[in-house]
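So the chains spell out like this:
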Amino acid sequence: MGKRIPPTPTRVAIVTGAARGIGHGITQSLLADGFTVAAWDRDRRACADLAREAGADARLLVMSVDVADERQVRAATRRVSAHFRRIDLLVNNAGIAEPHAGPIERLPMSTWNQFLAVNLTGAFLCAKHAIPALRRSGGTIINIASTRALQSEPGTEAYAATKGALVALTHALAISLGPAIRVNCISPGWIAVERWQQRSTPAPAKVRRRDHAQHPAGRVGHPADVAELVLYLASGKAAFITGQNLVIDGGMTRKMIYTS
């Protein structure tokens, strides 16, 4: 968007699905930690909101990118490399966020393929085109999956399948790309995103007291919780961690739930 290149390159991150929700929180935390961020999102209105919020900050490059389109991913990656001269971190956060697609016997192939294209193929494409720059920098890839890779509700087959595949893609990439590039996965549980939604996005349902109370940690998660784990995994403190799926869910996947 014609912004001046910072005179001294800092660590550069690409965050997909960056304009809303968890991606927005990750973007803000990376900027606060000193990163330069290329924020990708296919929602043009949300991108405009994010760019307006950032103002003249030259460390943020907001780009409208559909991660399911290889031509767009290739062009956007080249632009980031040319603009900032390096890539140190790729956060594959973009995804279709609504897990309930309905009964599988009525699930259209177009819906199934859309989940695959965005949630799984998008992460593959972004990794594919960022790998050369990440090899040069000794960088890191972090995939954002979901606890639904491990447990499910009815009508979530498409979402769960893609998130489970993303966990598998993580360890496959870690073995293929190590030791030059570390690859890890974060699987969030219930993350409240009301405060991190853009004006162009309908507000989600309000979190109730009983929603917090059912978590062993005593509350629903926040985007900042996920962002803190991203910062840790992207740092030298996590140099011995690769190929892992880290669950961040307030303990919910460890809780037995029976109906009486």
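Residues numbered from 1 in each chain as written. Predicted model: local features only at pLDDT ≥ 70, side-chain atom pairs only at ≥ 80, totals over all residues. Heavy atoms only, no water.

### Examining the environment of His 129
Argument step 1. Within the element layout of this structure, His 129 appears in helix α4 (residues 109-137).
Argument step 2. Note: C-alpha distance between His 129 and Arg 74 (55 residues apart in sequence) is 6.0 Å.
Argument step 3. Excluding residues within four positions of it along the chain, His 129 makes contact with Glu 70, Val 73, Arg 74 and Thr 77. (Helix = DSSP H or I, 4+ residues; strand = E, 2+ residues; numbered from the N terminus. Contact = heavy atoms within 4.5 Å.)

### Quick look at the packing of helix α1 (residues 21-32) against helix α7 (residues 223-233)
Argument step 1. Contact geometry for α1 and α7: axes closest at 8 Å, N-to-C directions at 50°. Here α1 lies oblique to α7, going by the angle between them. The interaxial crossing formed by α1 with α7 has right-handed handedness. In this structure, α1 uses Gly 21, Ile 22, Gly 25, Ile 26, Ser 29 and Leu 30 to contact α7, whose residues at the interface are Pro 223, Val 226, Ala 227, Val 230 and Leu 231.
Argument step 2. Of the residues that constitute the contact of α1 with α7, the class distribution is 8 nonpolar, 3 polar and no charged. (Axes fitted to C-alpha atoms, helices over the stretch in contact; angles between N-to-C directions. Parallel < 35°, antiparallel > 145°, perpendicular 65-115°, else oblique. Left-handed = near helix turned anticlockwise from the far one by under 90°. Nonpolar A, V, L, I, M, F, W, Y, C, P; charged D, E, K, R; others polar.)

### With respect to α7
Within an α-helix, residues lying three or four positions from one another point in the same direction, as the helix has 3.6 residues per turn.
Argument step 1. Taken together, the buried positions of α7 are occupied by Pro 223, Val 226, Ala 227, Leu 229, Val 230, Leu 231 and Leu 233.
Argument step 2. In this structure, the buried residues of α7 make contact with α1, β4 (89-92), β5 (140-144), β6 (182-188) and β7 (245-248). (Buried < 20%, exposed > 50% of the residue type's maximum accessible area, 1.4 Å probe, protein only.)

### Considering the environment of Ile 181
Argument step 1. Turning to its location among the elements, Ile 181 is positioned in the loop between α5 (157-177) and β6.
Argument step 2. Residue classification places Ile 181 among the buried residues on the basis of a relative accessible area of 1%.
Argument step 3. Sequence separation of Ile 181 and Leu 134 is 47 residues, and the distance between their C-alpha atoms is 6.7 Å.
Argument step 4. With sequence-adjacent residues up to four places away left out, Ile 181 is seen in contact with Ile 131, Leu 134, Arg 135, Gly 139, Thr 140 and Ile 141.

### A look at the confidence of the model for the chain
Argument step 1. On average, residues of the chain carry a pLDDT of 89, and 91% of them reach 70 or more.
Argument step 2. Low pLDDT, under 50, characterises residues 196-202; the stretch is placed with 24 contacts to residues that sit more than four places away or in other chains. (pLDDT = per-residue confidence, 0-100.)

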